[in-house]
Amino acid sequence: MFPTVKVRLSGLEPTASYIVFLDIVPVDDKRYRYVYHSSQWMVAGSGDSPLHHNLYVHPDSAATGQLWMAQGVVAFDKLKLTNNRKPLVRGQISLHSMHKYLPRVHILPTTDLETPAECQACVERALTYTFPETTFITVTAYQNQQVRLRRHYTKFNLNMFYRGNL
């Protein structure tokens, strides 16, 4: 996911273990389109039904509160977004194109260090944090050539994972 979701954790019990994970939920049930002449996003109709609830567990989970807080910034830089209905590889979250979403970060205390973190991650039992400024609209391609060229240049220079073609 670019830009990457990054959070700073504090106030955790240093010796307790925690699973940190992220999900991305629809903000509404609308589909959007970009109107070039007015440079804004507009509602284009009703959206698609939400895809299966996807979670991305941070690869360092489970870890002690001391480790999470010592990291300074916890980054979800390995997360990949896809528009495939069923993610093809681990670490992907499926989203509909042209819909508005909000990432949520969850912190789940755990005492079970034997069971994989992916099997324990449960939104209902976790502390959940949202940041409204991280709301975004998914796109798969830009139609405007000037936007496409600017996007390619920006992603090429700022995103080490970008390998797209013009």
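Residues numbered from 1 in each chain as written. Predicted model: local features only at pLDDT ≥ 70, side-chain atom pairs only at ≥ 80, totals over all residues. Heavy atoms only, no water.

The condition that has to hold: UniProt positions are given in the numbering used here, feature names are shortened, and annotations may be inferred rather than shown by experiment.
As recorded in an unreviewed UniProt entry, the chain goes by the name T-box domain-containing protein, listed as coming from Cryptotermes secundus. We quote the UniProt Subcellular location (unreviewed entry) comment for the chain here in full: "Nucleus".

1. Digging into the overall build of the chain
To be explicit about the condition: Labels follow the DSSP assignment, with helices taken as runs of H or I lasting at least four residues and strands as runs of E lasting at least two, numbered in each case from the N terminus. The classification of residues rests on relative accessible area computed with a 1.4 Å probe and restricted to protein chains. Under 20% of the type maximum is buried, over 50% is exposed, and intermediate values are partly exposed. Any two residues whose heavy atoms approach within 4.5 Å at even a single point are treated as in contact. Every accessible area reported is derived by Shrake-Rupley at a probe size of 1.4 Å, with residue values counting cover from the shown protein chains alone.
When helices and strands are tallied, the chain shows three helices and 12 strands. For the chain, with 166 residues in total, the buried portion stands at 36%. Intrachain contacts of the chain at a sequence separation of at least 6 include 71% that bridge at least 24 residues. Put simply, the chain shows about 10,600 Å² of open surface, and 52% of that area lies on carbon and sulfur atoms.

2. A closer look at the pairing of strand β3 (residues 30-35)
Looking along a regular strand, one sees the side chains alternate between the two faces of the sheet. Operational definition: Here the rule is simple: two strands pair whenever DSSP picks up at least two bridges between them.
Relative to strand β4 (residues 40-46), β3 runs antiparallel, the two sharing six bridges. Within the sheet, the bridge partner assigned to Y32 lies in β4 and is V43. The loop that links β3 with its antiparallel partner β4 comprises four residues; one of these, S39, has a positive phi angle of about 50°.

3. Considering the nonpolar core
Where we set the bar: Put simply, buried Ala, Val, Leu, Ile, Met, Phe, Trp, Tyr and Cys residues joined by side-chain atoms within 4.5 Å make one nonpolar core.
Counting 20 residues, the largest nonpolar core has L9, L22, I24, W68, F76, I93 and V105 as the members making the most contacts within it. Among the elements of the structure, β2 (17-26) and β10 (100-110) are those that each provide at least two residues to this core. Ranked by the residues each element gives to this core, the list is headed by β2, at four residues.

4. With respect to unusual backbone geometry
Omega for the bond connecting S61 with A62 falls within 30 degrees of zero, at -10°, which places this linkage in the cis form. Relative to the helices and strands, A62 is located in the loop between β5 (55-57) and β6 (63-64). In this model, S39 sits at a positive phi of 50°, which is unusual for a non-glycine residue. Along the chain, the position of S39 falls in the loop between β3 and β4. With relative accessibility at 51%, the residue S39 sits in the exposed group. At M98, a position not held by glycine, the phi torsion is positive, near 65°.

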